[in-house]
Amino acid sequence: MCYYGGYRPATKADAERARAYNISERTRARIARNGIESVGYLPLDYTQWRKTLFNKTMFYHKLKRGHYLAHCEACDEVVPLKNARSSRKIKCPHCGSDVVLRNVDKMDYFELKNYAAVLEKVPDGWVQRLFIVYKVVQTNNICAPISVKYDECEEERDFIDSIGARWFFHPTYENNRIKSWRRGPGRAHGMVWCSWRICDQPLECYPNNLKEIFKGSPFEYSALDIMTAKTLINPFLYLSRYLGLPELEMLAKFGLFSLARQLMNEGNYIAAKLKKNKGLKALGIDSKDELSECANLNYEELIARKEIKKWRLESQNVNTAIRFIAILNDRSGEDFEYSFISRRRLFEYYLQQQPLYSKGEPFDYSAGSPIRAFLNDYTDYIAECHQLGYNVGDTAICMPRDLKLAHRGTTDAIKIKENEVFDGQIYAWYQKLHNLLEFSNGTLQTIMPKCAAEIIEEGRRQNHCVGRYCERVAKGESIILFVRRVEDIQANYFTMEIKPDLRKLDVVQCRDNHNADYMLTDQRATVQRFLTKYARWFKKRPLDGYEQELMVRYYKAVHKHDGKYISNYDKKMEFKVGEWAEAQIDNDPDKVAVKGLHIASLEFAQNFGDGWRDVAILEVEADIHDIVVPDAKDQVRTSRFKVVREVPFSEMGEWGQRHLSMLSA
C-alpha cells in the first residue's frame with residue numbers, strides 16, 4: 001500500500017481512510033491541481049482584514065528638544081508629544097490606540113510586510129493561498145501621511161485532502177502576471193542559510209470562513225480556529241498533523257499553544273514524551289488558573305516549571321528559573337544533579353553571578369545566552385577542580401565569589417600542571433641564555449621567563465596565546481621575552497618572540513594586550529626605539545664562545561608512489577632525499593594555511609597522513625631564519641628545506657606498526 005504526498009497514517013482509522021482513497025498519484029495530483037486552479041475571488045472583507053495585520057503608526061516631527069508634533073494614523077489627529085523615539089510602541093494620547101512611532105525627519109517613505117494565509121473549500125479538498133502582504137506609507141514633514149497603500153503578492157497555493165495529504169504549487173509569471181502553477185513550494189528568498197520560504201514563516205490566517213469551509217469534514221471539530229486566533233502557524237501543517245496526533249486538538253482547546261506548536265513541528269518526538277507524562281498534572285498543571293500561565297511554555301519549560309513550583313521563588317525569578325532548569329535539562333538530562341550542590345542552590349548561585357553574564361533577564365535559547373554561558377563556565381570549572389584534586393564539597397570552592405575569575409584560575413592551574421614537564425628545560429635555557437638576551441635602555445627592559453608558569457601567566461594577563469608556547473620554548477624552537485617598563489618591572493607591557501639565533505636579532509612578533517601588533521598601538525614609537533637599540537646591542541655583544549646550530553629538524557607527510565615522494569597539496573611537486581625543496585612563502589605569522597612549505601612535529605605529520613595507504617614520513621631540516629611559526633604550535637612553514645631521509649615505520653612505534661600491517665594486507 002502506498003501513501004502519497006508525504007502522509008503516513010498514524011492510526012487504524014487513518015489507514016482505512018487512506019485505503020478507501022487509494023487512487024493513483026497522477027489522479028490525485030490532477031485533483032490537487034484542479035483544486036488550486038478553481039479558487040475564486042478573495043472574501044469581500046479580506047481587504048479590510050489585511051489592514052489589521054499591521055500596527056497603526058504615529059508619525060512625529062521634532063520641533064525642538066522635548067517638543068514633538070505627531071499625527072496618529074488610528075484617529076487622524078495631530079497631538080503634541082514630550083518624548084518620542086522611532087519604533088517605540090506607545091498609546092495615542094488622543095484615542096488610546098496602540099501605535100508605533102516613526103520619525104518623518106529621517107524617513108518619509110517606508111514599507112512593512114506580513115505573511116497571510118486564506119483557506120477555501122474546493123471539490124475533493126481545500127486550498128490554502130499564501131500571500132506576502134505589504135503596507136507602503138509616504139509622509140511629509142508636517143507628519144500627515146500622503147498615502148497609505150496595501151498590496152500583496154501570492155507566493156504559493158497548497159492543497160489538502162480529507163486524509164491530510166498535501167500538495168504544494170508555486171506560480172510562474174509572464175508580463176508580471178501569473179501564467180501557470182507548478183508543483184513544489186514557493187520561491188526561496190535570500191541565500192543559503194538565511195533563505196526562507198513563505199510556508200515556513202509564521203502566518204496570519206483569515207478567520208472568518210474557517211467554521212463554514214470545514215463543516216461536515218474530518219476537520220470539523222479541529223481547534224484550527226482557536227490556534228490561528230492565538231498564535232501564528234501554517235494552517236495546513238496543523239491539519240495534516242491533526243488526524244494523526246489527537247493530542248493536538250486537546251492542547252489547543254486547553255490553551256497550551258506553545259506546546260501545541262511544538263507538537264506540530266516535532267511530531268512523534270513530542271507525542272512520545274506526552275504519552276510518557278499523561279495528563280495535565282504530569283506536566284505540573286494543577287488547576288484551570290494555571291493553564292493561562294502555561295500558554296507560552298513548551299514541553300521542556302513545563303517540566304522545568306513543575307520542578308520549580310516546590311521552590312517558592314519570588315515572582316520576578318520564576319521565568320528565569322524555568323529557562324535555567326530547561327537549559328540544564330537539555331544539557332544534562334532531567335535527573336542530572338551534582339552531589340555537592342542541589343539544582344535549586346545552583347540556580348540561586350546563578351542569580352548571584354548573573355551580573356557577570358547579563359545586563360538583563362535571559363529569555364533566549366541562543367548559544368550565547370547568559371544561562372548557557374554560566375553553565376558552560378561552571379561545568380568546566382568543576383571538572384577542572386576535580387582534575388586538580390580540590391574539595392568541591394567546600395562552599396568556597398563550589399560557589400566562588402567570582403566564577404569567571406575562579407574559572408580562569410583553574411584553567412591556568414591546569415595549563416601549569418600540564419606544562420610542568422617543560423620547567424626543567426625552560427630553566428636550563430634561561431641559565432644558558434639570559435645574559436645574552438636580557439637588555440635595558442633605561443626605559444624598557446627584556447626579561448627571559450624561567451618556567452612554564454611565567455609564560456602562561458603572561459598570556460593570561462595579556463589576553464593572547466603565548467601560554468601555548470611552553471613546549472616550543474622548552475625545545476629551543478622559539479625564545480619568548482617579556483618587554484617591561486623599568487619603572488614598573490612587574491606590570492605587563494609587551495611580549496616578544498625571537499628566533500633562536502644568537503648571532504642575529506630576528507623578531508618574529510611583538511604583541512600588546514589582546515594580541516595587538518606593537519606597530520598598531522600608541523606605544524609604537526617607544527617600542528621601535530627600544531628594538532633599534534636592542535638590535536644594535538644584540539649585534540655587538542660578545543657570545544663568549546657560545547656555539548649554536550641554526551638548522552632545525554621537522555617532519556613532513558607525503559605520498560610515496562614508485563619510490564617517489566609526492567606533495568599532498570601539489571601533486572606535481574616531488575621531494576628527493578639529499579636535495580633542497582623551495583617555494584614562495586607568506587611571512588605573516590597570524591596566518592596558518594597560506595603559501596609556503598608546511599612542516600611539522602612527528603606527531604602532527606603522523607596524524608595528518610594517518611588515513612593514507614601510501615603515506616611516508618620524511619625527516620627534513622631547515623634554517624631557522626627561513627621558518628615562519630604561526631599560532632598552530634605543531635606546524636610551521638618555510639621557504640625551503642632539505643630532505644634528510646624517509647623515517648622507517650619501524651622507528652615510529654604503534655603508528656608505524658599499524659601502517660606496516662596495512663601495507664602487508
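Because the structure is a prediction, the values reported are computed rather than measured. (Residues numbered from 1 in each chain as written. Predicted model: local features only at pLDDT ≥ 70, side-chain atom pairs only at ≥ 80, totals over all residues. Heavy atoms only, no water.)

**Student:** Please explain the overall build of the protein as it appears in this structure.
**Tutor:** Of the regular secondary structure elements, the protein holds 22 helices and 24 strands. Here the C-alpha radius of gyration of the protein, 35 Å, is well above what a compact globule of 665 residues would show, namely 26 Å. Buried residues in the protein amount to 46% of all 665 residues. Long-range pairs, those at least 24 residues apart, make up 61% of the contacts in the protein with a sequence separation of at least 6. Counting every atom, the protein has about 35300 Å² of accessible surface; 48% of that belongs to carbon and sulfur. Computed over 99 positive and 91 negative side-chain charges, the inter-centroid distance for the protein is 4 Å. (Helix = DSSP H or I, 4+ residues; strand = E, 2+ residues; numbered from the N terminus. Rg over C-alpha atoms; globule rule 2.2 N^0.38 Å. Buried < 20%, exposed > 50% of the residue type's maximum accessible area, 1.4 Å probe, protein only. Contact = heavy atoms within 4.5 Å. Areas by Shrake-Rupley, 256 points an atom, 1.4 Å probe, with all protein chains shown as cover. Lys, Arg positive; Asp, Glu negative; His and termini not counted. Charge placed at Lys NZ, Arg CZ, Asp CG, Glu CD.)

**Student:** Help me understand the pairing of strand 13 (residues 479-485), please; the structure alone is not making it clear to me.
**Tutor:** Every other side chain in a regular strand lies on the same face of the sheet, so the side chains alternate between the two faces. Where burial is concerned, most of strand 13 is hidden: six out of the seven residues are buried. As defined by bridge partners, strand 12 (residues 444-447) adjoins strand 13 across four bridges and the pair is classed as antiparallel. The residue of strand 13 that forms the bridge with Q445 is R484. (Pairing = 2+ DSSP bridges.)

**Student:** Before we go on, may I ask you to explain the nonpolar core in this structure?
**Tutor:** Most often, soluble globular proteins keep nonpolar side chains buried together rather than apart. Counting 77 residues, the largest nonpolar core has L119, F214, Y238, L259, F324, F374 and Y378 as its most contacted members. In contact with F324, other than residues within four places in its own chain, are R343, L346, F347, Y350, I371, F374 and L375. (Core = buried A, V, L, I, M, F, W, Y, C linked by side-chain atoms within 4.5 Å.)

**Student:** Where do I start with the pattern of salt bridges in this structure?
**Tutor:** Two side chains carrying opposite charge are able to pair once their charged atoms lie near each other. In this structure the tally under the stated criterion is 32 salt bridges. Between E155 and R187 there is a salt bridge whose closest N-O contact spans 2.8 Å. With E155 in strand 8 (residues 145-160) and R187 in the loop between strand 10 (177-183) and strand 11 (204-205), this pair connects stretches of sequence that are 32 residues apart. Given the relative accessible area of 47%, R187 is considered partly exposed. (Salt bridge = Lys/Arg side-chain N within 4 Å of Asp/Glu carboxyl O.)

**Student:** How should the packing of aromatic side chains be read in this particular structure?
**Tutor:** The geometry of an aromatic ring pair comes down to the distance between the two centres and the angle between the two planes. One pass over the structure, following the stated rule, counts 35 aromatic pairs. Ring centres of Y60 and Y68 lie 5.7 Å apart, and the angle between their planes is 85 degrees; this geometry places the pair in the edge-to-face category. Exposure class is identical for Y60 and Y68. Each is buried. An angle of 75 degrees between the planes, with centres 5.1 Å apart, marks the rings of F336 and Y338 as edge-to-face. Given a relative accessible area of 23%, F336 falls into the partly exposed group. Site record: aromatic cluster; members linked through ring pairs are W311, F324, F336, Y338, F340, F347, Y349, Y350, Y357, F374 and Y378. (Phe/Tyr/Trp six-rings, centres within 6.5 Å; stacked < 30°, edge-to-face > 60°.)

**Student:** Looking at this structure, how should I read the sheet that holds strand 15 (residues 507-511)?
**Tutor:** Adjacent strands of a sheet form backbone hydrogen bonds with each other and so pair up, either parallel or antiparallel. Read from one edge to the other, the open sheet built from four strands follows the order 12-13-14-15, with strand pairing classed as antiparallel. Each edge of the sheet is formed by a strand with only one pairing partner; in this case those strands are strand 12 and strand 15. Averaged over neighbouring strand pairs, the angle between their axes works out to 25 degrees when direction is ignored. Packing against the sheet, helix 20 (residues 524-540) makes contact with strand 12, strand 13, strand 14 (494-498) and strand 15, and its axis sits at approximately 60 degrees to strand 12. (Axes fitted to C-alpha atoms, helices over the stretch in contact; angles between N-to-C directions.)

**Student:** Could you clarify how one ought to interpret the confidence of the model for the protein in this entry?
**Tutor:** On average, residues of the protein carry a pLDDT of 86, and 93% of them reach 70 or more. Confidence, expressed as mean pLDDT per element, reaches its minimum in the protein at helix 1 (residues 12-20) with 60 and its maximum at strand 11 with 96. Predicted confidence for residues 1-7 stays below pLDDT 50, and this span has 18 contacts to residues more than four positions away or in other chains. Contacts for the low-pLDDT stretch residues 360-367, under 50 throughout, to residues beyond four places or in other chains number 21 contacts. (pLDDT = per-residue confidence, 0-100.)

**Student:** Before we go on, may I ask you to explain helix 22 (residues 653-664) in this structure?
**Tutor:** Over its 12 residues, helix 22 runs 17 Å from end to end, which matches the ideal 16 Å to within 8%, given 1.5 Å per residue. The elements touched by buried residues of helix 22 are helix 21 (602-608) and strand 21 (615-623). (Expected span 1.5 Å × (residues − 1).)

**Student:** It is not clear to me how unusual backbone geometry should be interpreted in this structure. Could you clarify?
**Tutor:** Working note: non-glycine residues mostly have negative phi, and peptide bonds are mostly trans. The phi dihedral of D124 is positive, around 70 degrees, even though this residue is not glycine. Secondary-structure assignment places D124 in the loop between strand 6 (109-122) and strand 7 (125-139). If you check the backbone angles, N515 has positive phi at about 65 degrees while not being a glycine. Considering the arrangement of structural elements, one finds N515 in the loop between strand 15 and helix 20.

**Student:** Looking at this structure, I do not really get the packing of helix 8 (residues 257-266) against helix 9 (residues 268-276). What am I missing?
**Tutor:** Two quantities define a packed helix pair, namely the angle between the axes and the distance from one axis to the other. The N-to-C vectors of helix 8 and helix 9 enclose an angle of 130 degrees; their axes lie 6 Å apart at closest approach. Classified by the interaxial angle, the pair formed by helix 8 and helix 9 is oblique. Taken together, the residues of helix 9 that come into contact with helix 8 (itself represented by L259, Q262, L263 and E266) are N268, Y269, I270, A271 and L274. Considering only residue class, the contact of helix 8 with helix 9 consists of six nonpolar, two polar and one charged. (Parallel < 35°, antiparallel > 145°, perpendicular 65-115°, else oblique. Nonpolar A, V, L, I, M, F, W, Y, C, P; charged D, E, K, R; others polar.)

**Student:** When you look at the side chain of R102 in this model, what are you seeing that I'm missing?
**Tutor:** Here R102 is to be found in strand 5 (residues 98-103). If we skip the residues at most four places from it in the chain, R102 touches T57, M58, F59, Y60, S86, S87, F110 and L112.

**Student:** Could you clarify how one ought to interpret the sheet that holds strand 3 (residues 78-81) in this entry?
**Tutor:** Spatial strand order, 3-2-1-5-4: five strands in an open sheet with mixed pairing. In the strand order of this sheet, the two ends are held by strand 3 and strand 4 (89-91), each with one partner. Within this sheet the neighbouring strands show an average axis-to-axis angle of 40 degrees, counted without direction. Relative to strand 3, strand 2 (residues 67-72) runs antiparallel, the two being bridged by four bridges. Following the sheet pairing, H71 is matched in strand 3 by V78.

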